[in-house]
Amino acid sequence: MAHSAAPTTIAPVITPISPKAIAPWAAFFGILMLVLLYFVGAEQGATAVISGEAVHEWVHDGRHLLGFPCH
């Protein structure tokens with residue numbers, strides 16, 4: 001009596017990503033998030049980098065959604 005072998009599945013090899021490869025991307029996105037947080041949370045009035053109300057109007061709803069006061 002012959003026995004047939006069950007099909008075997010080979011698991012894919014997942015190689016870990018080193019922290020050195022992630023560090024530049026983490027720094028880039030961290031700085032990008034800080035700039036975005038500044039524009040949403042603080043870009044108005046005396047500390048404004050860009051004069052006028054254009055930035056304030058563009059981020060107005062996001063400012064309220066995140067709990068920043070603006071009026």
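Our subject is the structure that appears above.
Residues numbered from 1 in each chain as written. Predicted model: local features only at pLDDT ≥ 70, side-chain atom pairs only at ≥ 80, totals over all residues. Heavy atoms only, no water.

A. A look at the overall build of the protein. Regarding its fold elements, the protein presents three helices and zero strands. Helices and strands appear in the protein in the N-to-C order α-α-α. Among the 71 residues that make up the protein, the fraction classed as buried is 11%. Partitioning the contacts of the protein with sequence separation of at least 6, the portion at a separation of at least 24 is 22%. As displayed, the protein offers around 6,400 Å² of accessible surface, 73% of which is attributable to carbon and sulfur atoms. (Helix = DSSP H or I, 4+ residues; strand = E, 2+ residues; numbered from the N terminus. Buried < 20%, exposed > 50% of the residue type's maximum accessible area, 1.4 Å probe, protein only. Contact = heavy atoms within 4.5 Å. Areas by Shrake-Rupley, 256 points an atom, 1.4 Å probe, with all protein chains shown as cover.)

B. Just the packing of aromatic side chains, in detail. Going through the model one piece at a time under the given rule, you end up with three aromatic pairs. Look at Trp25 and Phe29: their rings are 6.2 Å apart centre to centre, the planes differ by 25 degrees, and that puts the pair in the stacked class. Of this pair, Trp25 and Phe29 both sit in helix H1 (residues 19-41), four residues apart, which is roughly one turn of the helix. Note on Phe28 and Phe29: the rings are 5.1 Å apart at their centroids and 70 degrees apart in plane angle, and the pair reads as edge-to-face. Assessed through its relative accessible area of 44%, Phe28 is described here as partly exposed. Look at Phe29 and you get partly exposed, because its relative accessible area is 42%. Pairwise contacts between aromatic rings join Trp25, Phe28 and Phe29 into one cluster. (Phe/Tyr/Trp six-rings, centres within 6.5 Å; stacked < 30°, edge-to-face > 60°.)

C. Up close: the side chain of Arg63. Mapping Arg63 onto the fold places it in helix H3 (residues 60-65). Here Arg63 is in contact with Phe39, Val40, Gly41, Glu43, Gln44, His56, Phe68, Pro69 and Cys70, once residues within four sequence places are set aside.

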